[in-house]
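# Architecture and fold: a report
One letter stands for each residue in the lines below.
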Amino acid sequence: DSAAARSVCPPTFAPKTQLKDTPGTRLRQANGTLLTHYGSKTVDMREAQSGRTVRGKFEVRDVRKPIMAVSALNDGGQGVWFSSDGSFLVSKQHAG
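Computed from a predicted structure; not experimentally measured.

Basis of the calculations
Residues numbered from 1 in each chain as written. Predicted model: local features only at pLDDT ≥ 70, side-chain atom pairs only at ≥ 80, totals over all residues. Heavy atoms only, no water. Pairing = 2+ DSSP bridges. Helix = DSSP H or I, 4+ residues; strand = E, 2+ residues; numbered from the N terminus. Phe/Tyr/Trp six-rings, centres within 6.5 Å; stacked < 30°, edge-to-face > 60°. Contact = heavy atoms within 4.5 Å. pLDDT = per-residue confidence, 0-100. Salt bridge = Lys/Arg side-chain N within 4 Å of Asp/Glu carboxyl O. Buried < 20%, exposed > 50% of the residue type's maximum accessible area, 1.4 Å probe, protein only.

## Some words on the sheet that holds strand β1 (residues 8-9)
Across the sheet, which stays open at both edges, the 3 strands sit in the order β1-β3-β2 with mixed pairing between neighbours. In this open sheet, the two edge strands, each paired with only one partner strand, are β1 and β2 (37-46). Examined bridge by bridge, β2 and strand β3 (residues 53-61) share 9 bridges and lie antiparallel to one another. Within the sheet, the bridge partner assigned to Lys41 lies in β3 and is Phe58.

Below you can see the structure in the form of structure tokens.
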């Protein structure tokens, strides 16, 4: 999500990944409701097209599905390409 402040996921996402007790920031839903913070998870995910592993750090919150913040991906060295065919991760070595 290009407008997300942080990558977030529900407590049920990646159930085999350890939930770490970490401090959280105050995040609100679009309607202004404060999102409860449970900790964080660092999750290794496989990119469907290339098979590359992408590591994402998520704050665990009361959300329905995982949301990856584009700014967090950029900070981790990943680019994001948006097109009418979908959104794709682009690594630095493949961006040229």
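## Some thoughts on the packing of aromatic side chains
Counted under the stated rule, the structure contains 1 aromatic pair. Their ring planes at 65 degrees and their centres at 5.3 Å tell us that Phe13 and Phe58 sit as a pair that is edge-to-face. Residue Phe13 is found in the loop between β1 and β2, and its partner Phe58 is found in strand β3; the two are separated by 45 residues along the sequence.

## Some words on the side chain of Glu59
Relative to the elements of secondary structure, Glu59 occurs in strand β3. With near-sequence residues (within four places) excluded, Glu59 lies in contact with Arg6, Ser7, Val8, Cys9, Gly24, Thr25, Leu27, His37, Gly39 and Ser40.

## Description of the confidence of the model for the chain
Taken as a whole, the chain shows an average pLDDT of 83; of its residues, 91% reach a score of 70 or greater. Of all the helices and strands in the chain, strand β5 (residues 86-91) carries the lowest mean pLDDT, 72, while β1 carries the highest, 94.

## Considering the pattern of salt bridges
Tallying each qualifying case throughout the model produces 3 salt bridges. With a closest N to O distance of 3.4 Å, Glu59 and Arg6 form a salt bridge. Taken together, the positions of Glu59 in strand β3 and Arg6 in the segment before β1 put the pair 53 residues apart, joining distant regions of the chain. Note on Glu59: relative accessible area 11%, which makes it buried. The partner of Glu59 in a salt bridge is Arg61, and the shortest N-O contact between them spans 2.4 Å. We note that Glu59, like Arg61, is buried. Within the structure, one salt-bridge network assembled from shared partners comprises Arg6, Glu59 and Arg61.

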